[in-house]
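Fold and contact review
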Amino acid sequence: MFATNAYSLELTRWEQRTESCFTLAVATENLTDPALQEIGLGEGKPFYTVDLPYLWGRLLGKQVIFGSGLVHFSDWREMYSLNVETGPAAEAFSRLENRIRGLHPKLRGVSFTNRWGGPISISEGWIPIFERHPESADALVLGGYSGHGVAQSVYLGAWAAEALLGKRELPKWKSPG
Ligand SMILES: Cc1cc2nc3c(=O)[nH]c(=O)nc-3n(C[C@H](O)[C@H](O)[C@H](O)COP(=O)(O)OP(=O)(O)OC[C@H]3O[C@@H](n4cnc5c(N)ncnc54)[C@H](O)[C@@H]3O)c2cc1C
């Protein structure tokens, strides 16, 4: 079972099928309750924007975590040498923070306490890959959730266990194209 996602593309044979990217998130300073109410987060509901690149957000106590944007790699190993303080990653963080400050007047002067990110695997048509390994029908490859894998990786991981025990077939997902 290979669930190595954005790494080790030679193992899964996904070099030509997926793109490994680094996606970003930032945390604001603590906001006041009235400010959270005014920007629409008073009920504490996580959200996504409809404009692209999509921006998501959720509360962490009185802080808001916002995420959006990608740093692209030509080889997944570039993840290991990525410096988030300079170059494309630093520029992407600045773009994200400026976008957040433009979302609402209450966010115009907000400061950020944390910046972080991690690898995601973008697949063709954003359709997860859940197949037999091209070199061994006894092995499965699973991943490529294109940034939407928290629930899917758990759900499909349980399905994969059943498939490996011969109790369930693999899905036959078709690309939208
Ligand atoms: C900042 C950020 C925000 C996100 N937000 C959301 C969100 O809001 N909602 C959502 O649904 N998804 C979100 N995601 C995506 C989600 O986290 C991933 O889709 C999910 O974690 C993928 O799970 P996975 O187990 O397939 O892969 P991963 O969690 O990437 O795990 C792959 C594992 O394989 C290991 N590995 C790689 N190569 C080898 C090797 N050769 N040998 C041994 N081990 C190896 C790695 O060390 C890693 O532990 C976000 C991701 C990031 C980075």
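Note: the structure precedes this text.
Quick look at the structure, then. (Residues numbered from 1 in each chain as written. Predicted model: local features only at pLDDT ≥ 70, side-chain atom pairs only at ≥ 80, totals over all residues. Heavy atoms only, no water.)

**Concerning the packing of aromatic side chains**
For any pair of aromatic rings, geometry is given as the distance between the ring centres together with the angle between the planes. For clarity, the threshold we go by: Any Phe, Tyr or Trp ring, taking Trp's six-membered ring, that has another such ring centre within 6.5 Å forms a pair; planes under 30 degrees apart are called stacked, those over 60 apart edge-to-face, and the others tilted. What counts as a helix is a DSSP run of H or I of at least four residues, what counts as a strand is a run of E of at least two, and both are numbered from the N terminus. With a 1.4 Å probe rolled over the protein chains alone, any residue whose accessible area is under 20% of its type maximum counts as buried; one over 50% counts as exposed, and the rest are partly exposed.
Taken as a whole and assessed by the stated rule, the structure comprises nine aromatic pairs. Between the aromatic rings of Tyr7 and Tyr80, the centroid separation amounts to 6.4 Å while the plane-to-plane angle is 45°, which identifies the pairing as tilted. You can see Tyr7 sitting in the segment before helix H1 (9-12) and its partner Tyr80 sitting in helix H3 (residues 78-81), a full 73 residues away along the chain. Tyr80 gets classed as exposed once you look at its relative accessible area, which sits at 60%. Seen from their ring centres, Trp76 and Tyr80 are 6.1 Å apart, and the 70° between their planes marks the pair as edge-to-face.

**Structural notes on unusual backbone geometry**
Here the residue pair Leu52 and Pro53 is connected by a cis peptide bond, since its omega of -5° sits within 30 degrees of zero. Unusually for a residue other than glycine, Ser8 sits at a positive phi of about 50°. Among the structural elements, Ser8 can be located in the segment before H1. Positive phi outside glycine occurs at Ser146, with the angle close to 55°. Of note, Ser146 is situated in the loop between strand S7 (136-143) and helix H5 (150-164).

**Examining the side chain of Thr49**
Our working definition: Two N or O atoms count as a polar contact when they lie within 3.5 Å, although within protein this holds only if one can serve as hydrogen donor and the other as acceptor, and sequence-adjacent residues are included solely when both atoms are side-chain atoms. Note on definitions: a residue-residue contact is assigned when non-hydrogen atoms from the two residues lie within 4.5 Å.
As for its position among the elements, Thr49 is in the loop between strand S2 (47-48) and strand S3 (56-60). Side-chain polar atoms of Thr49 contact the side chain of Asp51, separated by 3.0 Å. Residue contacts for Thr49: discarding those within four places in its chain leaves Tyr54, Leu55 and Arg99.

**Digging into the pattern of salt bridges**
Operational definition: Salt bridge criterion: a side-chain nitrogen from Lys or Arg within 4 Å of a carboxyl oxygen from Asp or Glu.
Applying the stated rule across the entire model yields ten salt bridges. For the salt bridge of Arg13 with Glu135, the shortest nitrogen-to-oxygen distance reads 2.7 Å. With Arg13 in the loop between H1 and strand S1 (18-28) and Glu135 in the loop between strand S6 (129-133) and S7, this residue pair connects regions lying 122 residues apart in the sequence. Shared partners join several salt bridges into a network, and the residues in it are Glu10, Asp75 and Arg77.

Geometric values such as these leave the question of function open.
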